[in-house]
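Residue-level structural notes
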Amino acid sequence: MPRFEKSNCVFCRIIAGELKSDILYQDEDVVVVRDINPSAPIHLLVLPRAHITSLRAESTEGERLLGHLIHVGSEVAQREGVEQSGYRLILNSGPDSGQEIAHVHLHVLGGQRLSRLG
């Protein structure tokens, strides 16, 4: 079951530097780290610095942040060398989607042929 409190959020602790992580990129809005349990050779997480538990972009700022996640995900895919072969960007929302941590985050997967969805 996801944890909804910021104090228990593993991503907030990574962003704060409380937990060791392989940080690949950071700016004022996001931090990008390698997933510690990768599903593909390239598996990165784009984490908003703000503790946001839902994808609902109810404000212009929320919409801007979601767009920035996708932009940064594409940029780090290019840096990791998977832009030409292809990569997948995934945003899960809620427990039924497989979201394990209640902090919005974008998965960047690549480095191998990924299975079809659906």
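You'll find the structure just up there.
Since the structure is predicted, the reported quantities are computational estimates derived from the model, not experimental observations. (Residues numbered from 1 in each chain as written. Predicted model: local features only at pLDDT ≥ 70, side-chain atom pairs only at ≥ 80, totals over all residues. Heavy atoms only, no water.)

1. Observations concerning the sheet that holds strand β2 (residues 30–34)
Stated precisely, the cut-off is as follows: In this scheme, strands are said to pair when DSSP sees at least two bridges between them. Working definition: helices are DSSP H or I runs of at least four residues, strands are E runs of at least two. Numbering for both runs from the N terminus. Interaxial angles span 0 to 180 degrees and are taken between N-to-C directions of axes, which are lines fitted to C-alpha atoms, for helices over the stretch in contact.
A sheet is described by the order of its strands in space; here five strands give the open sequence β1-β2-β3-β5-β4, paired in antiparallel fashion. Strand pairing shows two members of the sheet lacking a second neighbour, β1 (23–26) and β4 (87–91), which therefore form its edges. Each strand of the sheet is rotated relative to its neighbour by a mean of 20 degrees, with strand direction disregarded. Alignment of strand β3 (residues 42–48) against strand β5 (residues 106–110), held across five bridges, turns out to be antiparallel. If you follow L45 over to β5, its bridge partner there is H107.

2. Notes on helix α2 (residues 60–79)
The condition that has to hold: Residue count minus one, scaled by 1.5 Å, sets the expected span of a helix. The cut-offs for exposure are 20% and 50% of the maximum accessible area for each residue type, with area from a 1.4 Å probe on protein chains only; residues under the lower value are buried, those over the upper are exposed, and the others partly exposed.
Here α2 contains 20 residues, and its C-alpha end-to-end distance of 29 Å stays within 8% of the 28 Å for a straight helix at 1.5 Å per residue. Those residues of α2 that sit buried are L65, L66, H68, L69, V72, G73, V76 and A77. Positive phi appears at G81, one or two residues downstream of α2, with a value of about 80 degrees.

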